[in-house]
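Spelled out from the first residue to the last, the chains are:
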Amino acid sequence: RKLSQVHRSFRMLLALHQRLRHLKIFVHSCKKRDMLHQWVRDAHALKSYSLSHLLEKAPTFSLFDLAHAVNNDNASVVELTQKLVNHVTSRECTSCSAKGFYCDYPNCKAKDTISFPFQVERVLQCRACKQYFHRECYSLSSCPKCARIKAMNNRTAAAAAAAAAAA
């Protein structure tokens, strides 16, 4: 195989890992978690090895994963990921869809669209406050939640200074 194909396969595996890692939160807290856990067990059975390491926080891949990625043999993981994404985004499951978020940027063009952390191609997370935003909206220098937190801290500090001066 060409190195570029291996690289593309690995990027796909890494993207799947990111989605699954974010979806893990939904799977464990869903009211229909028994059904979702069965989907995960079924995907395990198709792979002939464990998928649990793909649900861990740090990207951990076995040589088996990499070999399957190079051979484009990740159909069961792709199918599992898609089933979980469809479950969460369908709005049929209120406990999962309620964990979505709306973009907090004032000029957001998709303000009414619910987004989810596993939509890694569409959203970014602010490193400081951990809030998610659309990629096209996010600006490192002007996170609206960080600005609100800073303003609140400044008001609190000013009020404390005024109280100390009055005492």
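The paragraphs below set out a description of the structure included in this document. Just so it is clear, the model here is predicted, and its values are computed rather than measured.

### Description of the overall build of the protein chain
Here's step 1: Within the protein chain, the regular secondary structure consists of 6 helices and 2 strands.
Here's step 2: Its helices and strands in sequence order give the protein chain the pattern α-α-α-α-α-β-β-α, from N to C terminus.
Here's step 3: At a minimum sequence separation of 6, the contacts of the protein chain that also span at least 24 residues come to 56%.
Here's step 4: On the protein chain, roughly 10400 Å² of surface is accessible, and the fraction owed to carbon and sulfur atoms is 58%.

### Quick notes on the pattern of salt bridges
Here's step 1: As enumerated under the stated definition, the model contains 2 salt bridges in all.
Here's step 2: A salt bridge links Arg-19 to Glu-121, with the shortest nitrogen-to-oxygen separation between them at 2.4 Å. Pair noted here: Arg-19 is in helix α1 (residues 3-29) and Glu-121 is in the loop between α5 (94-97) and β1 (123-125), with a separation of 102 residues, a long-range link.
Here's step 3: Here Arg-148 ties to Asp-104 by a salt bridge, and the two come within 2.7 Å at their closest N and O atoms. With a gap of 44 residues between them, Arg-148 in helix α6 (residues 144-166) and Asp-104 in the loop between α5 and β1 connect regions that are remote in the sequence.
Here's step 4: You can call Arg-148 partly exposed: its relative accessible area is 45%.
Here's step 5: Assessed through its relative accessible area of 26%, Asp-104 is described here as partly exposed.

### A look at the packing of aromatic side chains
Here's step 1: This model, assessed by the stated rule, comprises 6 aromatic pairs.
Here's step 2: Residues Phe-26 and Phe-118 carry aromatic rings whose centres are separated by 5.6 Å and whose planes lie at 80° to one another, so their mutual orientation is edge-to-face. With Phe-26 in helix α1 and Phe-118 in the loop between α5 and β1, this pair connects stretches of sequence that are 92 residues apart. The same class applies to Phe-26 and to Phe-118, which are both buried.
Here's step 3: For the pair Phe-133 and Tyr-138, a centre-to-centre distance of 5.7 Å together with 25° between the ring planes defines the contact as stacked.
Here's step 4: On the basis of relative accessible area, Phe-133 is assigned to the buried category, the value being 0%.
Here's step 5: Here Tyr-138 falls in the buried class, since its relative accessible area comes to 18%.
Here's step 6: Three or more aromatic residues joined by ring pairs form one cluster here, namely Phe-26, Phe-116 and Phe-118.

### Let's talk about the nonpolar core
Here's step 1: Ranked by size, the top nonpolar core spans 20 residues in total, and within it Leu-80, Leu-84, Val-88 and Phe-118 carry the most contacts.
Here's step 2: Among the elements of the structure, α1, α2 (33-47) and α4 (75-89) are those that each provide at least two residues to this core.
Here's step 3: Dropping the residues within four chain positions of it, Val-88 is found in contact with Leu-23, Phe-26, Cys-96, Ser-97, Phe-116 and Phe-118.
Here's step 4: In terms of nonpolar packing, the next biggest core, distinct from the first, is built from 9 residues, Cys-108, Cys-126, Cys-137 and Cys-143 among them.

Definitions and limits used
- Residues numbered from 1 in each chain as written.
- Predicted model: local features only at pLDDT ≥ 70, side-chain atom pairs only at ≥ 80, totals over all residues.
- Heavy atoms only, no water.
- Helix = DSSP H or I, 4+ residues; strand = E, 2+ residues; numbered from the N terminus.
- Contact = heavy atoms within 4.5 Å.
- Areas by Shrake-Rupley, 256 points an atom, 1.4 Å probe, with all protein chains shown as cover.
- Salt bridge = Lys/Arg side-chain N within 4 Å of Asp/Glu carboxyl O.
- Buried < 20%, exposed > 50% of the residue type's maximum accessible area, 1.4 Å probe, protein only.
- Phe/Tyr/Trp six-rings, centres within 6.5 Å; stacked < 30°, edge-to-face > 60°.
- Core = buried A, V, L, I, M, F, W, Y, C linked by side-chain atoms within 4.5 Å.

Without other data, these values stay purely geometric and don't point to any function.
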